[in-house]
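Survey of secondary and tertiary structure
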Amino acid sequence: MSLLFEEIDSQSSSLGEISLRKRRMAVFGDKDIYEVKLGDEFLMSSMFVEAEEALASLGLAALQGDDLSVVVGGLGLGYTAVAALKDPRISELLVVDALETVIGWHQNELVPLGKILNGDARNRYVLGSFFDLATDPSSGFDRHCAGKKFDAILLDIDHSPSEFLNSANASFYSGKNLALMAEQLKPKGVFAMWSQNLPEEKFAALLKTVFETVDSQVVSFYNPFKNGDSTNTVYVCVKGES
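Residues numbered from 1 in each chain as written. Predicted model: local features only at pLDDT ≥ 70, side-chain atom pairs only at ≥ 80, totals over all residues. Heavy atoms only, no water.

Concerning the pattern of salt bridges
Rules: Each salt bridge in this description consists of a side-chain nitrogen of Lys or Arg and a carboxyl oxygen of Asp or Glu lying within 4 Å of one another. A simple rule labels every residue: compare its accessible area, found with a 1.4 Å probe on the protein chains alone, to the largest value its type can have, and call it buried under 20%, exposed over 50%, or partly exposed in between.
For the coordinates displayed, the defined rule picks out 12 salt bridges. Salt-bridge contacts for D142 lead to K148; the nearest nitrogen and oxygen are separated by 3.8 Å. For D142, a relative accessible area of 3% translates into the label buried. Counted as one network, the salt bridges with shared partners bring together E92, R124, D142 and K148.

Overview of the layout of surface pockets
How we decide: Every definition here rests on a 1 Å grid over the protein atoms only: cavities are sets of points where a 1.4 Å probe fits but cannot get out, pockets are open sets enclosed by protein on both sides within 12 Å along at least five of seven lines, and lining residues have some atom within 4 Å of a point. Grid points are joined across faces, edges and corners, and a volume is the space filled by probe spheres set on the points. Helix numbering and strand numbering both begin at the N terminus, where a helix is a DSSP run of H or I of at least 4 residues and a strand a DSSP run of E of at least 2. Gly is placed with the polar residues, together with every amino acid not listed as nonpolar (Ala, Val, Leu, Ile, Met, Phe, Trp, Tyr, Cys and Pro) or charged (Asp, Glu, Lys and Arg).
By volume, the largest pocket amounts to about 1000 Å³. Lining the largest pocket are 43 residues; nearest its centre among them are L43, M44, D156, I157 and H159. Counting only elements with at least two residues in the lining of the largest pocket, the list comes to β4 (41-45), α1 (50-61), β6 (90-97) and α5 (130-134). The dominant element in the lining of the largest pocket, judged by the number of residues it contributes, is β4, at four residues. Tallied by class, the residues present in the lining of the largest pocket amount to 21 nonpolar, 15 polar and seven charged.

Digging into helix α6 (residues 175-182)
Test applied: Relevant arc is that of directions from the helix axis to the C-beta atoms, nothing else. In this analysis, two residues are considered to be in contact whenever any of their non-hydrogen atoms come within 4.5 Å of each other.
Inspection of α6 places N177, L178, M181 and A182 among the buried residues, and these make up the whole buried set. Down the axis of α6, the smallest arc covering the buried residues is 145°, so these residues share one side. The inward-facing, buried residues of α6 abut α5, β8 (150-155), β9 (185-195) and α7 (201-208).

Regarding the side chain of N123
So the rule is basically this: Throughout this description, a polar contact denotes any pair of N or O atoms lying within 3.5 Å of each other; where both atoms belong to protein, one of them has to be capable of donating a hydrogen while the other can accept it, and for residues adjacent in sequence the pair is counted only when both atoms sit in side chains.
By secondary structure assignment, the location of N123 is in strand β7 (residues 123-127). Side-chain polar atoms of N123 contact the backbone oxygen of L117, separated by 3.4 Å. With residues up to four places along the chain from it excluded, the contact list for N123 reads L85, L93, V95 and L117.

Have a look at this one:
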């Protein structure tokens, strides 16, 4: 097998065949690029991680206080979770993912950031649908503490609020279900969400029906394939006092 490409693992999942691959690309120099495919679709990649890290840094920057309990929706390759754990105020991080295979890659350290997550006692993996847990506030994200409220929820699962990894996710992006999720936030808690697209005014307006403040922040990063910048968006929303 070529040293420039390796398929590390491939397994069936509830969403279809999912595979973990590693490759070298001249444009990135002496650096391994990890990527995940779901069927024929590229699900995630370590080529560009700036916006995934910004999801954590921007979301947590909107919070005050210490001893923070935080939920990350979507484990991916771990970049949002690891960036969140760099904040010393975090005392607990629950990382929710619907795919047991993806959690297993981290637990078995088949991906580079698995060792960091496994070695941090504040981190806990939660196997389950983020969307199901988000819209059931009586039970919630923490199976050990029903109805628990969190300081922040950071979401990176779908491509955007209008382009879904799974069509079943579409119903989450409604005022009713966003409000159910917001019930799991403490007063002045933060909901932040990544999108591959520029800010969508319609979605920002919807968020404003649930949250006290909504800020759509564009994150730019250098893309060598374009010889210029690419952009993603991070929505940062703060809940009211009550």
